[in-house]
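Structural features, examined
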Amino acid sequence: MSPTPSKAQLMELLAHSVSTHYADFTAAAADMSLTSSQAKTLSVLRRAPASMRSLAVTLSCDASNMTGIIDRLEKRDLVHREVSATDRRVKNVALTEEGEKAIDTIRERMERTQTGLDQLSDDERAELFRLLTVVFPR
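Now for a description of the structure that goes with this document. (Residues numbered from 1 in each chain as written. Predicted model: local features only at pLDDT ≥ 70, side-chain atom pairs only at ≥ 80, totals over all residues. Heavy atoms only, no water.)

1. Some details on the overall build of the protein chain
Put simply, the test is: Counting from the N terminus, the helices are the DSSP runs of H or I reaching at least four residues and the strands are the DSSP runs of E reaching at least two. For each residue, the accessible area found with a 1.4 Å probe, counting protein chains only, is set against the maximum for its type, and the residue is called buried under 20%, exposed over 50%, and partly exposed in between. Any two residues having at least one pair of non-hydrogen atoms within 4.5 Å are treated as being in contact. Only four residue types enter the charge count, namely Lys and Arg as positive and Asp and Glu as negative; His and the chain termini do not. Where a charge sits is defined by one atom per residue type, namely NZ (Lys), CZ (Arg), CG (Asp) or CD (Glu).
Looking only at helices and strands, one finds seven helices and three strands in the protein chain. Going residue by residue from the N terminus, the α and β elements of the protein chain occur as α-α-β-α-α-β-β-α-α-α. Taking the principal axes of the C-alpha coordinates as reference, the protein chain spans close to 60 × 30 × 25 Å. For the protein chain, the proportion of its 138 residues judged to be buried stands at 29%. Across the protein chain, contacts joining residues at least 24 apart in sequence account for 50% of those joining residues at least 6 apart. The average position of the 19 basic charges and that of the 20 acidic charges among the side chains of the protein chain differ by 8 Å.

Structure below.
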């Protein structure tokens with residue numbers, strides 16, 4: 001039986017996993033002529049529409065940068081702005097059908113990540129999912 005990994009070892013493995021995943025994501029986004037910030041925005045919006053302010057907070061960027069990112073995505077018909085149902089002063093950003101296809105394609109093209117996940121059994125995938133939701137609750 002192998003010894004229990006330390007927190008430091010887990011932190012190192014998580015850091016390596018995240019950087020590998022991010023490099024894979026960035027390369028797949030670039031293949032679609034998107035910056036990593038644009039692709040991350042699509043990824044966040046894949047979960048649900050969001051206000052410009054919440055996008056800026058989630059992506060840790062300045063609101064003026066967020067406006068530029070959304071403007072460029074909107075020009076490519078990947079997102080659209082809509083008035084909030086609860087506050088007419090707020091503009092929410094939502095994915096278009098093309099935006100959904102784009103983020104799905106990026107994820108499909110993440111070869112290193114896809115290859116790694118393909119090596120897991122169904123039970124291992126379920127366990128990984130469970131553990132990740134414990135460590136990083138939504």
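The discussion continues.
2. Quick word on the pattern of salt bridges
Counted only if it meets this: Salt bridge criterion: a side-chain nitrogen from Lys or Arg within 4 Å of a carboxyl oxygen from Asp or Glu.
Tallied over the entire structure, the rule returns nine salt bridges. A salt bridge links Arg 81 to Glu 74; the nearest nitrogen and oxygen atoms lie 2.4 Å apart. Assessed through its relative accessible area of 26%, Arg 81 is described here as partly exposed. A relative accessible area of 30% places Glu 74 in the partly exposed class. Among the ionic contacts, a cluster of salt bridges with common partners joins Arg 46, Glu 100 and Asp 104.

3. Digging into the environment of Lys 40
Mapped onto the secondary structure, Lys 40 falls in helix H2 (residues 36-47). Classification of Lys 40 as partly exposed rests on a relative accessible area of 30%. When the C-alpha atoms of Lys 40 and Thr 86 are compared, they prove to be 26 Å apart, with 46 residues separating the residues in sequence. Sequence-distant contacts of Lys 40, that is, excluding residues within four places in its chain, are made with Tyr 22, Phe 25 and Leu 59.

4. Looking at the nonpolar core
The condition that has to hold: Among the buried residues, those of types Ala, Val, Leu, Ile, Met, Phe, Trp, Tyr and Cys that are joined through side-chain atoms within 4.5 Å form a nonpolar core.
Of all hydrophobic cores here, the largest spans 26 residues; its most connected members are Leu 34, Leu 42, Leu 55, Ile 70, Leu 73, Val 79 and Ile 106. Elements represented by at least two residues in this core include exactly helix H1 (7-31), H2, helix H3 (52-58), helix H4 (63-75), strand E3 (91-95) and helix H5 (97-108). Sequence-distant contacts of Ile 70, that is, excluding residues within four places in its chain, are made with Thr 41, Met 52, Leu 55, Val 79, Arg 81 and Val 93.

5. Description of the sheet that holds strand E1 (residues 50-51)
Condition: If DSSP finds at least two bridges between two strands, the strands pair.
Strands sit in the order E1-E3-E2 across an open sheet of three strands; the sheet is antiparallel. Both edges of this open sheet fall to E1 and strand E2 (79-83), since each of them pairs with a single strand only. Here E2 runs beside E3; their pairing, made up of five bridges, is antiparallel. Each bridged residue has a counterpart across the sheet, and for Arg 81 the counterpart in E3 is Val 93.

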